[in-house]
Amino acid sequence: MSFRIKIFLSITSTVVFAVWIVAGVVSALVTQSFERRDAQRTATLVSQFHSEFDRRGAEVTRRLDAIASSDEIARITVDLGSSQYEPGRYVDQAQTLAREQSLDFLELVGPDGGIISSAEWPARFGYKEDWLLQSGDSKVFLKREDLADGAALGLIAVRTVRAGNGQLYIAGGQRLDKQFLHTLPQVEGLRVQLYNAFEAASPPLVREVQQQPRELTRTTPDAAITAIPLFGRDNLLLAILLVESSRSELASLKKYIQGTAFLVGTGAVLLGLLLSFWTASRVTKPL
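For clarity, every value in this text was computed on a predicted model and none was experimentally measured.

## Examining the overall build of the protein chain
And step 1. A tally of helices and strands in the protein chain yields 7 helices and 9 strands.
And step 2. Within the protein chain, buried positions represent 42% of all 287 residues.
And step 3. Relative to all contacts within the protein chain whose residues are 6 or more apart in sequence, the contacts with residues 24 or more apart total 59%.
And step 4. Of the accessible surface of the protein chain, which amounts to about 16,000 Å², a share of 56% is contributed by carbon and sulfur atoms.

If you want it as structure tokens, here you go:
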């Protein structure tokens, strides 16, 4: 190998190696910075989701308390404890009360657990809701609501009303769906989706959480996706919140860094070629 080629390889390899080391370090730092930012934005969005959940829950509680303290409920409760009570007399009452308080779900249930009136599914009159007999008054919780055309997810609270010898359970709330997500602040680069755990058609990450409930994050070249399980009573998985963060900006920036490194590396090869000829000439000419 000639002296000129040795100089050329030495200069070129040194410069190219240094360029790619710098490019790799910069790319890694940029990736870490983006991942930290995405994690912070995801955490902020999840916090906003829970804040809105609590706000909507407080609203449901206020409206359900208004129903529980109404004259209509007092009359129904007293009637339940009398010998003159006639099943079917109040079958439409839940729809009227739910409409007045803007509730999506409302059921009036007797002391034996039988439905007296249902706003969301009137045909369920007489069906048993035995879970209410052990619940008593409760704060807002997630619950699957069976409807005539399928199932839905609701923010539900329960109130128990007693008057005379009568006792009445009131379970009501609002739907948790895409409209709920629209109340969250829109964050550029983030997309939020809500999947019911009882839905069959769902993304692979959601199915993975359904099989083993826990928070998961998966990263692809295009996006970072975090799945957050949401539980109802008795720690039952009812929904999965999916937060998708676009990585297109990061991909573009990494591509730019790699392109710049390639150009600098090519320049280093040309520079090494020129320097090798110049150095070889300066050294060999006196000899």
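## Let's talk about the pairing of strand β2 (residues 115-118)
And step 1. Note that strand β1 (residues 105-109) and β2 share 3 bridges and pair antiparallel. By the bridge assignment for β2, Val 109 is matched with Ile 115.
And step 2. Hairpin connection, β1 to β2: the antiparallel pair is bridged by 5 residues, and Gly 113 has positive phi, about 90 degrees.

## Thoughts on the layout of surface pockets
And step 1. A volume near 480 Å³ is recorded for the largest pocket.
And step 2. For the largest pocket, the lining is made up of 22 residues, of which Lys 178, Leu 181, Val 192, Gln 193 and Leu 194 are closest to its centre.
And step 3. Elements supplying a minimum of two residues to the lining of the largest pocket: β4 (150-163), α5 (178-181) and β6 (190-196).
And step 4. In terms of residue count, the dominant contributor to the lining of the largest pocket is β6 (7 residues).
And step 5. Tallied by class, residues from the lining of the largest pocket come to 13 nonpolar, 4 polar and 5 charged.

## Things to note about the pairing of strand β7 (residues 216-219)
And step 1. Pairing of β7 with strand β8 (residues 223-231), which is carried by 4 bridges, proceeds in the antiparallel orientation. Residue pairing across strands places Thr 219 opposite Ala 224, the latter belonging to β8.
And step 2. Linking β7 to β8, which pair antiparallel, is a turn of 3 residues.

## Some details on helix α2 (residues 71-80)
And step 1. Among the residues of α2, Ile 73, Ile 76, Thr 77, Asp 79 and Leu 80 are the ones counted as buried. Here the buried residues of α2 occupy an arc of 160 degrees about the axis, which is enough to place them on one side. In α2, the exposed residues that point more than 90 degrees away from the buried face are Asp 71 and Arg 75.

## Describing the packing of aromatic side chains
And step 1. Taken as a whole and judged by the stated rule, the model has 3 aromatic pairs.
And step 2. Ring geometry for Phe 49 against Phe 53: centres 6.5 Å apart, planes inclined by 40 degrees, an arrangement best described as tilted. Residue Phe 49 and its partner Phe 53 are both found in helix α1 (residues 3-68); the two are separated by 4 residues, about one turn of the helix. Of the two residues examined, Phe 49 and Phe 53, each falls in the buried class.
And step 3. A centroid spacing of 5.5 Å and a plane angle of 80 degrees characterise the contact between Phe 49 and Phe 180, whose relative ring orientation is edge-to-face. Separated by 131 residues along the polypeptide, Phe 49 in helix α1 and Phe 180 in helix α5 bring together distant segments of the chain.
And step 4. Residue class for Phe 49 comes out buried when judged on its relative accessible area of 1%.
And step 5. One aromatic cluster is present, formed by Phe 49, Phe 53 and Phe 180 through successive ring pairs.
And step 6. Positioned above the aromatic ring of Phe 141, the side-chain terminus of Arg 233 is 5.1 Å from the ring centre.

## Focus on helix α6 (residues 204-211)
And step 1. Taken as a whole, α6 has its buried residues at Leu 205, Val 206 and Val 209. The buried side chains of α6 occupy one side of the element, clustering within an arc of 100 degrees when seen end-on. For α6, exposure combined with an orientation more than 90 degrees from the buried face picks out Pro 204 and Gln 211.
And step 2. Buried residues along α6 sit in contact with β6, β7, β8 and β9 (237-246).

## Description of the pattern of salt bridges
Where charged atoms from two side chains of opposite charge approach closely, those side chains can pair.
And step 1. Summed over all chains, the structure comprises 15 salt bridges.
And step 2. With a shortest N-O distance of 2.7 Å, Arg 89 and Asp 79 are connected by a salt bridge. Residue Arg 89 is found in the loop between α2 and α3 (93-100), and its partner Asp 79 is found in helix α2; the two are separated by 10 residues along the sequence.
And step 3. Assessed through its relative accessible area of 9%, Asp 79 is described here as buried.
And step 4. Across the pair Asp 146 and Arg 144 runs a salt bridge, and its minimum N-O distance is 3.1 Å.

About the criteria used
- Residues numbered from 1 in each chain as written.
- Predicted model: local features only at pLDDT ≥ 70, side-chain atom pairs only at ≥ 80, totals over all residues.
- Heavy atoms only, no water.
- Helix = DSSP H or I, 4+ residues; strand = E, 2+ residues; numbered from the N terminus.
- Buried < 20%, exposed > 50% of the residue type's maximum accessible area, 1.4 Å probe, protein only.
- Contact = heavy atoms within 4.5 Å.
- Areas by Shrake-Rupley, 256 points an atom, 1.4 Å probe, with all protein chains shown as cover.
- Pairing = 2+ DSSP bridges.
- 1 Å grid on protein atoms, 1.4 Å probe; cavity = no way out; pocket = protein on both sides within 12 Å on 5 of 7 lines; lining within 4 Å.
- Points joined across faces, edges and corners; volume = space filled by probe spheres on them.
- Nonpolar A, V, L, I, M, F, W, Y, C, P; charged D, E, K, R; others polar.
- Arc of directions from axis to C-beta.
- Phe/Tyr/Trp six-rings, centres within 6.5 Å; stacked < 30°, edge-to-face > 60°.
- Lys NZ or Arg CZ within 6 Å of the ring centre and 35° of its normal.
- Salt bridge = Lys/Arg side-chain N within 4 Å of Asp/Glu carboxyl O.

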